[in-house]
Amino acid sequence: MKTGVSVFPALVLLVMTSSLARADAAAGQAVFESNGCQSCHYTQGPATEKTIADQLAKKGPELWYAGSKFQRPWLETWLVDPQPIRPMKFNSVMEPNPGGHAVLSADQVGPVADYLMSLRSDIVQDGAVKVKKKNLKGKLIFIKKMPCSGCHQFPTKKKFSGGLSGPSLIGAGKRLNPDWVLAYLREPKVFKPVKMMPVFVGVLSDKDMKNVAAHVATFK
Amino acid sequence: MTRLFLTTLLIVALSPAFTGAAQAADGEALFGFYCAQCHGTGGEGDGPNVTGDFPVDPRNFTETAEMEKISDADIRNVIIDGGPIADKSPMMPPWGKTLTNAEVEALVGYLRQLCNCTGKTS
């Protein structure tokens, strides 16, 4: 995709970019469907889960806002070499994650990434989180004031620490879009109406949410 | 007339709002989903989050003697506002913005079932 675009003259590029992206997304959607990805991942928002049973019936995380949630380079790397993200098996409290996620080939990954990156939620506000090298307020919330570290693994000076029930946040700085993390905290019902993570609206101020999102963005 | 009444009952029973309420009252299912990750599936304080890194032991709800010391109101407050409201660890999250009042009550009831105790009154 990258090299393909660079050989187009600028003028054509201007006119064509948006329709090209759409064409690639459509090709990616076809690859996604022919690989049976949609048997475990739904890609049409908004969220429909209303009860614990609805949440537990899903075989994989919903991807209808994947383009707002993930960073594209991470997505491209992960889809060809998927490593466990959740320490525990999806939707299980006690069973460890067995791994073995479906793998895409090198020629499939570009179009599928185009497709997934085209799935966006307009609730995510671009640039809302200012990421710096450190965010000490956010760090204090994450490890001390709030129970985040009780459910999420995160990197430490030594190696890593934290609980196992939530997705690991090791490497979250490369995996997640910080603006999506903020939106996830601000609008818990939009992305995951029913989940094992507590709602922090009314517990954390908007400023605190920004700080903790900025801290998560520093996780290597 | 009776038949109309029964049909209405059936419709009400099958409507999503009603089944939602029925589920909300299921303390065991709520516990398995929200609480077992720390307190363990059997409530013994041994969920998957309690690794060597975990700073405090989550309460073992099957310890009758310990659970007798706290009232239903104490339990309710900790569930809603988290550990710090009772001078306990912030590792016990506040669930008041996540759960409905009916769900909190169902959980209080379920913890009483686990400890097989009634707790101090007041």
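Thresholds, definitions, all that
- Residues numbered from 1 in each chain as written.
- Chains lettered and ligands numbered in written order.
- Predicted model: local features only at pLDDT ≥ 70, side-chain atom pairs only at ≥ 80, totals over all residues.
- Heavy atoms only, no water.
- Helix = DSSP H or I, 4+ residues; strand = E, 2+ residues; numbered from the N terminus.
- Buried < 20%, exposed > 50% of the residue type's maximum accessible area, 1.4 Å probe, protein only.
- Contact = heavy atoms within 4.5 Å.
- Areas by Shrake-Rupley, 256 points an atom, 1.4 Å probe, with all protein chains shown as cover.
- Domains from an automatic or database assignment.
- Buried area = accessible area lost by both parts, 1.4 Å probe.
- Salt bridge = Lys/Arg side-chain N within 4 Å of Asp/Glu carboxyl O.
- Polar contact = N/O pair within 3.5 Å; in protein donor to acceptor, adjacent residues only side chain to side chain.
- Nonpolar A, V, L, I, M, F, W, Y, C, P; charged D, E, K, R; others polar.
- Axes fitted to C-alpha atoms, helices over the stretch in contact; angles between N-to-C directions.
- Parallel < 35°, antiparallel > 145°, perpendicular 65-115°, else oblique.
- Left-handed = near helix turned anticlockwise from the far one by under 90°.
- Core = buried A, V, L, I, M, F, W, Y, C linked by side-chain atoms within 4.5 Å.

## A closer look at the overall build of chain B
Right, so step 1: Assigned secondary structure in chain B consists of six helices and zero strands.
Right, so step 2: The order of α-helices and β-strands along chain B, N terminus first, is α-α-α-α-α-α.
Right, so step 3: For chain B, with 122 residues in total, the buried portion stands at 38%.
Right, so step 4: The contacts of chain B with a sequence gap of at least 6 include a subset with a gap of at least 24, amounting to 49%.
Right, so step 5: Just so you have it, chain B exposes about 6,800 Å², and 59% of that area is on carbon and sulfur atoms.

## What to know about the domain arrangement of chain A
Residue and element names in this part refer to chain A.
Right, so step 1: Domain annotation of chain A identifies domain 1 (2-117) and domain 2 (136-216).
Right, so step 2: Listed as interface residues are 19 residues of domain 1 and, on the opposing side, 18 residues of domain 2.
Right, so step 3: Here domain 1 meets domain 2 over a buried area of about 1,700 Å², counting both sides, of which 62% is carbon and sulfur.
Right, so step 4: For the domain 1 face of the interface with domain 2, the top three residues by lost area are Lys-69, Gln-71 and Pro-87, together amounting to 29%.
Right, so step 5: The interface formed by domain 1 and domain 2 includes one salt bridge.
Right, so step 6: Here Glu-62 and Lys-192 are joined by a salt bridge, their closest N and O atoms 2.9 Å apart.
Right, so step 7: Taken together, the connections running from domain 1 to domain 2 amount to seven residue pairs in polar contact (both at pLDDT 80 or more).
Right, so step 8: Taken together, the residues of the side of domain 1 that touches domain 2 break down into 10 nonpolar, four polar and five charged.

## A short note on the packing of helix H10 (residues 178-186) of chain A against helix H12 (residues 206-216) of chain A
The axes of two packed helices give the description: the angle between them and the distance between them.
Residues and elements named next belong to chain A.
Right, so step 1: At a closest axis distance of 9 Å, the pairing of H10 and H12 adopts a crossing angle of 140°. By the angle between their directions, the pair H10 and H12 is classed as oblique. Along this stretch, H10 crosses H12, giving a crossing that reads as right-handed. For the pair H10 and H12, the contacting residues are Pro-178, Val-181, Leu-182, Leu-185 and Arg-186 in the first and Asp-206, Met-209, Lys-210, Val-212 and Ala-213 in the second.
Right, so step 2: Tallied by class, the residues present in the contact of H10 with H12 amount to seven nonpolar, no polar and three charged.

## Concerning the nonpolar core
Right, so step 1: In terms of nonpolar packing, the biggest core is built from 46 residues, with Leu79(A), Leu116(A), Phe142(A) and Trp180(A) touching the most fellow members.
Right, so step 2: When residues of this core are traced back to their parent elements, those giving at least two are helix H2 (10-34), helix H5 (72-80), helix H6 (106-117), helix H7 (136-145), H10 and H12 of chain A.
Right, so step 3: In terms of residue count, the dominant contributor to this core is H10(A) (six residues).
Right, so step 4: Dropping the residues within four chain positions of it, Phe142(A) is found in contact with Cys148(A), Ser149(A), His152(A), Phe154(A), Leu169(A), Val212(A), His215(A), Val216(A) and Phe219(A).
Right, so step 5: Grouped together as the second largest cluster of nonpolar side chains are 23 residues, Val194(A), Val104(B), Val108(B) and Leu114(B) included.

## Some points on the environment of Val181(A)
Residue and element names in this part refer to chain A.
Right, so step 1: By secondary structure assignment, the location of Val-181 is in helix H10.
Right, so step 2: With 117 residues separating them along the chain, Val-181 and Trp-64 place their C-alpha atoms 15 Å apart.
Right, so step 3: Leaving out residues up to four positions away in the same chain, Val-181 has contacts with Leu-176 and Ala-213.

## Things to note about the interface of chain B and chain A
Right, so step 1: Contact with chain B, which involves 21 residues of that partner, is made by 31 residues of chain A.
Right, so step 2: Carbon and sulfur atoms make up 68% of the area that chain B and chain A hide from each other, which totals about 2,100 Å².
Right, so step 3: The largest share of the area that chain B buries against chain A comes from Phe33(B), Pro48(B) and Lys97(B), three residues that together contribute 30% of it.
Right, so step 4: At the surface where chain B touches chain A, the tally comes to zero salt bridges.

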